[in-house]
Amino acid sequence: MFWRLKRLWGEPTFKTSYDAVMIGGGIHGLAAAYFLAREHGIKDVAVLERRHVGYGGSGRNTAIVRANQRTAENVRLYDEGLKLWPRLIAELDFNMMPFHCGNLNLGHSEAAMAALRLAVGTANFCGVRSEILDRQQCRELIPELDISDRPTYPIFGGMYHPPGGILRHDAVAWGLAKGAAGQGVHIHQNTEVTGLGLEGGKVVSVETSRGRIRTPRVLICAGGYSVMIAALIGLKLPIHALTIQAMVTQPLKPILHHVISSGAYHVYANQTLKGEIATGAHMDPWPNYTTNTTAHYIKHQAEAMTDLLPFLRGVRFMRHWAGLADMTPDMAPIMDGNDPVEGLYLDCGWGYFGFKSGPIAGKYMAEFMARGQCPEMLEPFNLRRFENFRPMGETAAVVTYGPNN
Amino acid sequence: MSFTITCPICGRRDLYEFRFGNEDRGAPPDQEGLTREAYTDYVHHREAVAGPQKEWWCHRFGCGIWFTVWRDTSTGREVEAPEGRT
C-alpha cells in the first residue's frame, strides 16, 4: 500500500463511566453525540450500537429530505434540518452526495389537491418554498409522467417543493461517526443494551452486553427498537414498529430529475446518483421486528410505477430490502427528556421521517441534554401531548389521501 | 414461504386477505373515574413486544369474521398461544 488507510472511527476502550450515553448508533445518536461534543463541550460521550454504525434505519431509508409536512411546528424543524446539511458537509469535510432536485407530490383527487393546497399554505406561512402545479406543469417538470386519463388514478395536479432532495444515507452516518469520533466520542459497536439502572427517579447506569456504564444522561434513539429499550424500565410509549420496504431498479441513464411521490399509489421514487430508481413506501400495517420483504409488494410497486411512469416497463428491480419505522398515533416524533425519569431523553417515533430529521434532531437533543431544559423548538413534540389530548395534525398529511377521498 | 393467518371459519389463508385490528388490549377501562393516564394507556400505548402477542384480525376479503390469533412479532409468523395463556 502507498498510504496507511485511516479508520473513520476506531475501536475505543470501553469505559465504565461516561457523561452521556446514546443508545443507538444511527444518524440520530451520532448527530446528538457530535453536537454534544462540538457545541456543548461534553466530550465524554458513548454511542452504543447493537450491530454496526448505520445498520438499522439509517442505512435502509430512501434518503429523501424535504420540509413539506402538514403542521407549522414540523415544517419549521425540517426546514432548519434542510439548511443544516450544507453546514454539516463543510464542517465534517465529508461528501454526503447531496442532490438538490426538489420534490413533486402528486394529487389524484380533489381532496388530495385540497390537502396539497393546505400543505403549500403551511410551507409559505413558514417561509418555505412550495407551490401548486396543475397536471400540465407536472408534465413540464417530469416529461415522462403519464398525465392522460389512462392510469388507474389520473393525475389532478401536484405540489412542487424545490428545497427537497436526496443525500447518500450511508455517507451521512459515516460522516457523522467520523465527526463524532474526531471530537472524542466513543462509538461502541456490537454492544447491546440489556437494562437501564434507576435510582430515586434518576438514570444512573446502562447495562450492556459488555458490562455496566455509569452515566447521568441517556438518550434513547434506537429507531424501531426504542420501544423495547423504554420497556426495560417499564416505560410505555405510544409507538409501534412497522416494516417498511424499498427497492432499486437496475441503473439507468439520467431520466428522473426530481423526487416524485404519490399518496394514492402509495409510492415515491427518485433516481440515485448511480442511476438506479430507488422507490419505496409499502408498509404492512401489522407490527413486526422483522426486515422481511414480500413478493406482494414487488408486484404492487411494479404496477404503480409503470402506471405513473410508463417508460419503466421492462426495467428490472435489482435489490429489495426492508427496515423498521417507529410509528406514533399522530405521525409526529417524540422528543422529550427528564419526564418521567430524570436524565432519560427520548428521540424516537420518527416513523419514516428519521433520515431527513437526523442532524437537526441531534442538534436540538444535544442542546436539551447539555442544558437540561427543553429547547423551544422541541416543546410541541413532548410525550405528554397524547394524554393532554394535544396530538399533532400530521395524520392529515398529503400521503394519507387516497384516490377515493 | 408465505405468511398466513388461520381464520376460525375459512382455515389457513394468505395474510393479505386479512385486516389487522391491533394488539389485544382487553376490555376498555371503566368510564367511571377514568383518568387521562388510564385512557391514554388504553388508547395509545402499546406493549410492542418482540415475541408472541395476542392480536385481533378480521378476515376482510373472506368471511368477515373478527377473531384473535397469537403471532410472533420477531418472525411475523402465527404461533400457538404460549402455555397458560389463551
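Not measured: the values here are computed from a predicted model.

### Looking at the overall build of chain B
When its secondary structure is counted, chain B shows one helix and six strands. Listing each helix as α and each strand as β along chain B from the N terminus yields β-β-β-α-β-β-β. The buried share of chain B, reckoned over its 86 residues, is 13%. Long-range contacts, defined as pairs at least 24 residues apart, comprise 53% of the intrachain contacts of chain B with a sequence gap of at least 6.

### Things to note about the overall build of chain A
Along chain A, the regular secondary structure elements total eight helices and 19 strands. The C-alpha atoms of chain A give 21 Å as radius of gyration, which agrees with the globular expectation for 405 residues (22 Å, within 12%). Along the first, second and third principal axes, the C-alpha atoms of chain A reach 65 × 60 × 40 Å. Counting over 405 residues, chain A shows a buried share of 54%.

### Some words on the sheet that holds strand E1 (residues 20–23) of chain A
All names here are of chain A. Sheet architecture is open: six strands sit in the order E8-E2-E1-E12-E19-E18, paired in mixed fashion. One side of each edge strand has no neighbouring strand; the edge strands of this open sheet are strand E8 (186–188) and strand E18 (334–337). Across the sheet, the axes of successive neighbouring strands diverge by a mean angle of 15°, strand direction being ignored. Relative to E8, strand E2 (residues 45–48) runs parallel, the two sharing three bridges. By the bridge assignment for E8, alanine 46 is matched with histidine 186.

### Concerning the domain arrangement of chain A
All names here are of chain A. Structurally, chain A comprises domain 1 (20–61 + 170–239 + 330–396) and domain 2 (100–165 + 240–329). Computed from C-alpha coordinates alone, the two centres of domain 1 and domain 2 are separated by 29 Å. On the side of domain 2, twelve residues touch domain 1, which itself brings 23 residues to the contact. In the side of domain 1 that touches domain 2, the residues fall into 13 nonpolar, eight polar and two charged.

### Here's the deal with the environment of threonine 194 of chain A
All names here are of chain A. By secondary structure assignment, the location of threonine 194 is in strand E9 (residues 193–199). We classify threonine 194 as partly exposed; it has 13 C-beta atoms within 10 Å. Each C-alpha atom, one on threonine 194 and one on glycine 211, is 9.5 Å from the other, the two residues being 17 residues apart in sequence. Those residues within four positions of threonine 194 in sequence are excluded, and the remaining contacts are Glu207, Thr208 and Ser209.

### Considering the interface of chain A and chain B
Chain A puts 19 residues into the contact, and the matching count from chain B is 15 residues. Contributions of two or more residues to the side of chain A that touches chain B are made by helix H6 (226–231) and strand E13 (240–249) of chain A. Here the residues of the side of chain A that touches chain B sort into twelve nonpolar, five polar and two charged.

### A word on the sheet that holds E13 of chain A
Two strands in a sheet stick together by hydrogen bonds in their backbones, pointing the same way (parallel) or opposite ways (antiparallel). Residues and elements named next belong to chain A. Across the sheet, eight strands lie side by side as E5-E6-E4-E14-E15-E16-E13-E17; this open sheet has mixed pairing. Of all the strands in the sheet, the pair left with one neighbour each is strand E5 (131–134) and strand E17 (317–327). In this sheet, adjacent strand axes meet at a mean angle of 20° when their direction is disregarded. The sheet contact formed by E13 and E17 spans ten bridges and is antiparallel. Counted as the bridge partner of alanine 246 is tryptophan 321 from E17. Set on the sheet, helix H7 (residues 295–308) makes contact with E13, strand E14 (259–262), strand E15 (267–271), strand E16 (277–283) and E17; between it and E16 the angle comes to about 125°.

### Some remarks on the environment of lysine 202 of chain A
Mapped onto the elements, lysine 202 of chain A comes out in strand E10 (residues 202–208). Note: C-alpha distance between lysine 202 of chain A and arginine 217 of chain A (15 residues apart in sequence) is 9.1 Å.

### As for the packing of helix H1 (residues 27–40) of chain A against helix H5 (residues 169–182) of chain A
Residue and element names in this part refer to chain A. Relative orientation of the contacting elements H1 and H5 amounts to 30°, with a least axis distance of 9 Å. As judged from the angle between their axes, H1 and H5 are roughly parallel. Viewed along their axes, H1 and H5 form a crossing whose handedness is left-handed. Taking contact as the criterion, the partners of Ile27, Leu30, Ala31, Ala33, Tyr34 and Ala37 in H1 are, on H5, Val172, Ala173, Leu176, Ala177, Gly179 and Ala180. Residue composition of the contact of H1 with H5, grouped by class: eleven nonpolar, one polar and no charged.

### Observations concerning unusual backbone geometry
Residue and element names in this part refer to chain A. A cis amide bond links aspartate 339 to the next residue, proline 340, at an omega of 5°. Within the chain, aspartate 93 stands out as a residue other than glycine whose phi angle is a positive 50°. Residue position: aspartate 93 is located in the loop between helix H2 (72–92) and strand E4 (103–107). We classify aspartate 93 as exposed; it has 10 C-beta atoms within 10 Å.

### Re the nonpolar core
Residues and elements named next belong to chain A. Ranked by internal contacts, the top residues of the largest apolar core, which has 131 residues, are Ile23, Ala33, Ala180 and Ile220. If one sorts the elements of this core by residue count, H1 sits on top with nine residues. Built from parts of two domains, this core gets at least three residues from each of domain 1 (20–61 + 170–239 + 330–396) and domain 2 (100–165 + 240–329). If near-sequence neighbours (up to four positions away) are discounted, isoleucine 23 is found in contact with Leu48, Val193, Val218, Leu219, Ile220, Cys221, Ala222 and Ile229.

Calculation criteria
Residues numbered from 1 in each chain as written. Chains lettered and ligands numbered in written order. Predicted model: local features only at pLDDT ≥ 70, side-chain atom pairs only at ≥ 80, totals over all residues. Helix = DSSP H or I, 4+ residues; strand = E, 2+ residues; numbered from the N terminus. Buried ≥ 20, exposed ≤ 12 C-beta atoms within 10 Å, placed from the backbone. Contact = placed C-beta atoms within 7 Å. Rg over C-alpha atoms; globule rule 2.2 N^0.38 Å. Pairing = 2+ DSSP bridges. Axes fitted to C-alpha atoms, helices over the stretch in contact; angles between N-to-C directions. Domains from an automatic or database assignment. Nonpolar A, V, L, I, M, F, W, Y, C, P; charged D, E, K, R; others polar. Parallel < 35°, antiparallel > 145°, perpendicular 65-115°, else oblique. Left-handed = near helix turned anticlockwise from the far one by under 90°. Core = buried A, V, L, I, M, F, W, Y, C linked by C-beta atoms within 7 Å.

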